[in-house]
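Residues per chain are reported as follows:
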Amino acid sequence: MDLADTLQEAEFRARLREWLAKALPTLPPKPSPDDWPARRAYDLGWQRMLYDAGYAHVHWDASPTVRLIFLEETEEAGAPYVGAGFVGLLHAGPTIAAEGTAAQRERWLPPILRGEEVWCQGFSEPDAGSDLAALRTRARRDGDAYVVNGSKIWTSHAEVADWCELLVRTDTSAPRHRGITWLALPMDAPGVTVRPLRTLAGSAEFAEVFLDDVRVPVANRVGEENDGWRVTMVTLSFERGTAFAGEVVACRRTLGELAREARRNGRWDDPALRRRLGRLNAELRALWRLTQWNVSEAEATGGGVPGTGGSVFKLSYSHTRQELYDAAADVLGDDALDLERPWVLDRLSSLSYTIAAGTSQIQRNIVGERILGLPKGG
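**Student:** What is the right way to read the state of the cysteines from this model?
**Tutor:** Among covalent bonds in proteins, the disulfide is the one between the sulfur atoms of two cysteines. What the rule picks out here adds up to 0 disulfides. No disulfide involves Cys120; its sulfur sits 3.7 Å from the nearest other cysteine sulfur, which is in Cys164.

See the structure below:
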């Protein structure tokens, strides 16, 4: 497989680099990590800059390879992360682009691309754990609306979101994977209550969401009623396939910084640490090649939707990220307990990656059943 840029891709990369070099110095200072309204404004402001420069389209209207080049170059340049726009740009938006009607695409995609609306993800529930199909939030059809009751947890960016990609159970008598529906929930609808959750790292980008007789128009359903599980697999394929691509580049940069810090503080003299950093370098390079392979596969099969290879990537990346920040603790020594030092908070947040976007146990099941052809457990 030829992973080199084509002439057209190389020209896109060069133009993007030139624009980033001019645009990044004009950005305002980053807001406090705890000030989510300010972070929302900052993140959406950056998205608007991308839109005005003609780069916002890459999330849906460009080839997967061009999308990957965009993620690689913006991360290498130190551009702002999508932040509050994560769910809209990398989850809900691509799903609507792939599964939504023409009217839905016209309504929801332009505001996401222009940096005008934020989405959150309403998938996980308190009693479902990693078994997403066990969700209990109910939606009863009442004329031209669904009446929704239930609760969600770990709802990303709910407190600053305008919309929520919401999974509900619309048929309790159907097999559990076949009675689920994907809805777009307006977060300002009567009956929606948001309670922020504080993580181990001290941040509050997640929330509990309680839904009490919330009316959601039937027109906000993406896909057919009770076909939400299939639509959700499209969402998760994006989340596991390309949404973390930029983070691989960031991890490779962090690894270089760790090596420089180890040389500075004398820990580079430890041969075990040098071997560990070398192995991490090989793993991150392999993950980047795997990302390229997944993108090439998505492009070759049409539609730009990542396949089951995204689960291989997610499984490996989540563990490699934890190992990277464990190595950072070795480099820092006693300073690894100082929350003001670089990488310390990143180490705490890395613990969640084997849970986020599907637990490692779930990813192993997907790899075993859908790639290796192993029988399902009884």
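**Student:** Explain helix 2 (residues 36-53) here, please?
**Tutor:** In an α-helix, one turn spans 3.6 residues; hence positions three or four apart end up facing the same way. The end-to-end C-alpha distance of helix 2 is 26 Å, a good match for the 26 Å that 18 residues give at a rise of 1.5 Å each. Taken as a whole, helix 2 has its buried residues at Trp36, Arg40, Tyr42, Asp43, Leu44, Trp46, Gln47 and Leu50. Just downstream of helix 2, Gly54 is the residue with a positive phi angle, here 90°.

**Student:** Just to check I follow, could you spell out helix 1 (residues 7-23) for this structure?
**Tutor:** The end-to-end C-alpha distance of helix 1, which contains 17 residues, comes to 24 Å, matching closely the 24 Å that a straight helix rising 1.5 Å per residue would cover. Looking at the buried side of helix 1, the elements it contacts are helix 2 and helix 3 (64-76).

**Student:** In this structure, what is going on with the nonpolar core? I would like to understand it.
**Tutor:** Considering soluble globular proteins, one finds that nonpolar side chains tend to be buried as a cluster. Core analysis: the largest hydrophobic core is formed by 45 residues, its most contacted members being Phe12, Trp19, Trp46 and Phe70. The dominant element in this core, judged by the number of residues it contributes, is helix 9 (residues 309-332), at 9 residues. Contact partners of Trp19, with chain neighbours within four places excluded, come to Trp46, Met49, Leu50, Ala53 and Tyr55. Counting residues in hydrophobic clusters, the runner-up holds 26 residues, among them Ala56, Val87, Trp163 and Leu167.

**Student:** Please explain the packing of helix 1 against helix 3 as it appears in this structure.
**Tutor:** To describe two helices that pack against each other, one gives the angle between their axes and the distance between the axes. The interhelical angle for the contact between helix 1 and helix 3, taken along N-to-C directions, is 30°, at an axis separation of 10 Å. It follows from the interaxial angle that helix 1 and helix 3 lie roughly parallel. The two elements helix 1 and helix 3 cross, and the hand of that crossing is right-handed. Of the residues in helix 3, those in contact with Glu9, Phe12, Arg13, Leu16, Arg17 and Leu20 of helix 1 are Thr65, Val66, Ile69, Phe70, Glu72, Glu73 and Thr74. Residue composition of the contact of helix 1 with helix 3, grouped by class: 6 nonpolar, 2 polar and 5 charged.

**Student:** Can you walk me through the packing of helix 3 against helix 7 (residues 245-265) in this structure?
**Tutor:** Two elements in contact, helix 3 and helix 7, have axes separated by 8 Å at closest approach and are oriented at 35°. Where helix 3 crosses over helix 7, the two elements pack in a sense that is right-handed. Together, Leu68, Leu71, Glu72, Glu75 and Glu76 of helix 3 and Ala245, Gly246, Val249, Ala250 and Arg253 of helix 7 make up the contact between the two elements. Among the residues making up the contact of helix 3 with helix 7, the classes are represented as 5 nonpolar, 1 polar and 4 charged.

**Student:** How should I be thinking about the pattern of salt bridges in this particular structure?
**Tutor:** Opposite charge on two side chains makes pairing possible when the charged atoms of those side chains draw close. Across all of its chains, the model carries 20 salt bridges by this definition. Here Glu99 ties to Arg230 by a salt bridge, and the two come within 2.9 Å at their closest N and O atoms. Highlighted residues: Glu99 in helix 4 (residues 86-99) and Arg230 in helix 6 (residues 228-241), separated in sequence by 131 residues. Lys152 is paired through a salt bridge with Glu125; the nearest N and O atoms lie 2.8 Å apart. Note that Lys152 is positioned in strand 3 (residues 145-152) and Glu125 in the loop between strand 1 (119-122) and strand 2 (138-142), a separation of 27 residues in sequence. One exposure class covers both Lys152 and Glu125, and it is buried. Beyond isolated ion pairs, a larger network of salt bridges with shared partners links Arg13, Arg17, Glu72 and Glu73.

**Student:** Just to check I follow, could you spell out the pairing of strand 2 for this structure?
**Tutor:** Regular strands show a simple pattern: their side chains alternate between the two faces of the sheet. In terms of strand pairing, strand 2 meets strand 3 through 5 bridges, oriented antiparallel. The residue bridging Arg138 from the neighbouring strand is Asn149, located in strand 3. Here strand 2 folds back onto strand 3, and the loop between the two strands holds 2 residues, one of which, Gly143, carries a positive phi near 65°.

**Student:** Explanation requested: the packing of aromatic side chains in the structure shown.
**Tutor:** Each aromatic ring pair is characterised by the separation of its centres together with the angle its planes make. Inspection of the entire model under this criterion finds 8 aromatic pairs. Measuring from ring centre to ring centre gives 5.4 Å for Trp19 and Tyr55, while their planes differ by 45°; the resulting arrangement is tilted. Remark: Tyr55 occurs in the loop between helix 2 and helix 3 and Trp19 occurs in helix 1; sequence separation between them is 36 residues. We note that Trp19, like Tyr55, is buried. The interplanar angle of 85° and the centroid separation of 5.9 Å between the aromatic rings of Trp108 and Trp119 together place this pair among those described as edge-to-face. Of this pair, Trp108 sits in helix 5 (residues 102-113) while Trp119 sits in strand 1, placing them 11 residues apart in sequence. Of the two residues examined, Trp108 and Trp119, each falls in the buried class.

What counts and what doesn't
Residues numbered from 1 in each chain as written. Predicted model: local features only at pLDDT ≥ 70, side-chain atom pairs only at ≥ 80, totals over all residues. Heavy atoms only, no water. Disulfide = S-S within 2.5 Å. Helix = DSSP H or I, 4+ residues; strand = E, 2+ residues; numbered from the N terminus. Expected span 1.5 Å × (residues − 1). Buried < 20%, exposed > 50% of the residue type's maximum accessible area, 1.4 Å probe, protein only. Contact = heavy atoms within 4.5 Å. Core = buried A, V, L, I, M, F, W, Y, C linked by side-chain atoms within 4.5 Å. Axes fitted to C-alpha atoms, helices over the stretch in contact; angles between N-to-C directions. Parallel < 35°, antiparallel > 145°, perpendicular 65-115°, else oblique. Left-handed = near helix turned anticlockwise from the far one by under 90°. Nonpolar A, V, L, I, M, F, W, Y, C, P; charged D, E, K, R; others polar. Salt bridge = Lys/Arg side-chain N within 4 Å of Asp/Glu carboxyl O. Pairing = 2+ DSSP bridges. Phe/Tyr/Trp six-rings, centres within 6.5 Å; stacked < 30°, edge-to-face > 60°.

By themselves, these figures tell us nothing about what the structure is for.
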